[in-house]
Amino acid sequence: MKSIKKITCIGAGYVGGPTMSVIAQKNPNVEVTVVDVNTARIAGWNDENLDNLPVYEPGLDGVVGEARGRNLFFSTDVDKAIDEADMIFISVNTPTKTYGKGKGQAADLKYIELCARQIAAVAKSDKIVVEKSTLPVRTAEALKSILDNTGNGVNFHILSNPEFLAEGTAVTDLHNPDRVLIGGENAEAIEALVQVYEAWVPRERILTTNLWSSELSKLVANAFLAQRVSSINAISELCEVTGANVDEVSRAIGHDSRIGAKFLKASVGFGGSCFQKDILNLVYIARSYNLTAVADYWEQVIILNDHQKVRFAENIIKTLYNTVNGKNIAFLGWAFKKDTNDTRESAAIYVADHLLDEEANVIVYDPKVPAEQIYKDLDYLGTRSPEENRRLVRVVNDPYEALSGAHAAAVLTEWDEFKDYDWAKIKETMKRPSFVFDGRKLLGRTELEELGFIYYAIGE
Ligand code: NAD
Ligand code: UGA
């Protein structure tokens, strides 16, 4: 197999954009083109001002600045990019189905199939097609069938190369991955992709497997990570009624090298576009093979996560004398974790929804999430009309404004800056008694209590 000269990636989102930027940065002799049907997104990636990239990730501006225009290009001309590429990554979204069979659980593969059909229709030379999106196990089989049956007689080799980056640390994760996983059947195709990664990843960290192991490992990795969060969140509730402190428990168990310290931070619940989607998908797959015990086991991770979000909201209501009607609740953070502008499945959305049902006034401050996104997230739930959401929710650009006149502050995202606020000044502007509900265990109990706040943190 000749070495790869041109790579195309379909999908310029949170994965396609950063991943291809790093591949281009580390392979200056390979031309990398990222395409998308979303013209606004592509315009953002091409914006001269690197502050306007559509994805916010620490360090990404530097990577894009280095490679863009040299060997990294962003375009809406999907056909041209497919035609010219030796290797095509598919990095489109694979959301949970919202209709039909598998509604609410199965992955919606319509965007994947559209890509396969477009590749087949356009390709006039052999291509390696790489699944970068997270997919149900055995999707490669369907892809191959579409490519071979609708194509122009050229050869397609399919590889699975799931992405393990986490948002907020995407660039460091890509620069220094724990492993790169490549599943495939054709040794030459696998080797071609290995060479792309070998430009910066040590060979021993590039794992190769068969297609199905690779596809399944991605779902399993996310399920295991989310399971740890739900496990510690389950313990956080037990801590609250027994006098144990969940941070101390995490530290105590995390020191056991068999358990390990990571992913044991209790929280208001995990969010993000993938944990819930991928576990639901795993549950759906298990059920489709009649593996009921397996499906029930993993479903519990989601059930516990939903419980944690509801529990946090209900604790706010209960503590505020069983009514939040007309009360001002200042939300610090809306993103699903710090250092990202991504709000998909953020716990903040569901906590807000619960409080809005009780007619609370929610005032939101997030350093990276714009007001339109916050209203869009709430409107999407369909719980109440867009007008009602705008009547009850106000989004501000200044945290002190959010907190002024608030009955309670709720920390929903662990943005570092929240720790550095002048909490003494904030105390003077808030209603009394002044409550802080810390869903991230970010602020210091002693300091806040000394200032006169009534402080509640998950798991204490
Ligand atoms: P995203 O929604 O941010 O980006 C997907 C992009 O694909 C969109 O911009 C969309 O316009 C584009 N697209 C869809 N269909 C297209 C088509 N036919 N032609 C051209 N463009 C098309 O999604 P994402 O967060 O980048 O996730 C992509 C995949 O990667 C998903 O399967 C996800 O599960 C997986 N993943 C995501 C993360 C993450 O941190 N977000 C991490 C690992 C894996
Ligand atoms: C996660 C995985 O970590 C990535 O490996 C994977 O590639 C990605 O999903 C994906 O497939 O999309 P991401 O969702 O970006 O990455 O971020 P995480 O750091 O995993 O956090 C997910 C959620 O769990 C966040 O809401 C975070 O606040 C929460 N979390 C995480 C906790 O509440 N406690 C923890 O100890 C860790």
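Small disclaimer: the values here were computed from a predicted structure and weren't measured. (Residues numbered from 1 in each chain as written. Chains lettered and ligands numbered in written order. Predicted model: local features only at pLDDT ≥ 70, side-chain atom pairs only at ≥ 80, totals over all residues.)

A.B. asks: Whenever I open this one, the pairing of strand E8 (residues 206–209) confuses me. Can you help?
C.D. replies: Note on strand geometry: in a regular strand, side chains alternate between the two faces of the sheet. Direction of pairing for strand E7 (residues 180–184) relative to E8: parallel, over a ladder of four bridges. Across the sheet, valine 180 pairs through a bridge with isoleucine 206, a residue of E8. Read from E7 through helix H8 (residues 187–198) to E8, the crossover connection turns out right-handed. (Pairing = 2+ DSSP bridges. Helix = DSSP H or I, 4+ residues; strand = E, 2+ residues; numbered from the N terminus. Right-handed = clockwise from strand over helix to strand, strands pointing away.)

A.B. asks: How should I be thinking about the site of ligand 2 in this particular structure?
C.D. replies: Lining the immediate environment of ligand 2, one finds 21 residues, of which Lys265, Ser267, Phe270, Gly272 and Cys274 sit closest. When the residues that make up the shell around ligand 2 are grouped by side-chain class, the tally is eleven nonpolar, six polar and four charged. (Near = placed C-beta within 6 Å. Nonpolar A, V, L, I, M, F, W, Y, C, P; charged D, E, K, R; others polar.)

A.B. asks: Even after reading the chapter, I still don't get helix H11 (residues 275–288), so can you show me in this structure?
C.D. replies: Each α-helix winds once per 3.6 residues, and so residues spaced three or four apart point in a common direction. Between the first and last C-alpha of H11 there are 20 Å, a value that for 14 residues agrees with the 20 Å anticipated at 1.5 Å per step. Extensive coverage of H11 is indicated by the burial of eleven of its 14 residues. Of all the residues in H11, the buried ones are Phe275, Gln276, Lys277, Asp278, Ile279, Leu280, Asn281, Leu282, Val283, Tyr284 and Ile285. Elements that come into contact with the buried residues of H11 comprise helix H9 (211–242) and helix H12 (292–319). (Expected span 1.5 Å × (residues − 1). Buried ≥ 20, exposed ≤ 12 C-beta atoms within 10 Å, placed from the backbone. Contact = placed C-beta atoms within 7 Å.)

A.B. asks: So what exactly am I meant to see when it comes to the UniProt feature "domain: UDP-glucose/GDP-mannose dehydrogenase C-terminal" (unreviewed entry) in the protein here?
C.D. replies: UniProt annotation of "domain: UDP-glucose/GDP-mannose dehydrogenase C-terminal" (unreviewed entry) refers to residues 330–445 when read in the numbering used here. Regarding residues 330–445, the helix share stands at 36% and the strand share at 16%, and the terminal C-alpha atoms are separated by 18 Å. (UniProt positions renumbered as here; feature names shortened; annotations may be inferred.)

A.B. asks: Got a minute to help me understand unusual backbone geometry in this structure?
C.D. replies: Excluding glycine, most residues fall at negative phi; most peptide bonds, likewise, are trans. In this structure, proline 433 follows arginine 432 across a cis peptide bond, with omega equal to -10°. Within the secondary structure, proline 433 sits in the loop between helix H17 (423–429) and strand E13 (435–438). A positive phi angle, near 85°, is found at arginine 138, a position not held by glycine. Tracing the backbone shows arginine 138 in the loop between strand E5 (127–131) and helix H6 (139–150). Notably, glutamate 359 is not glycine yet its phi reads approximately 65°, a positive angle. Here glutamate 359 shows up in the loop between helix H13 (347–357) and strand E10 (361–365).

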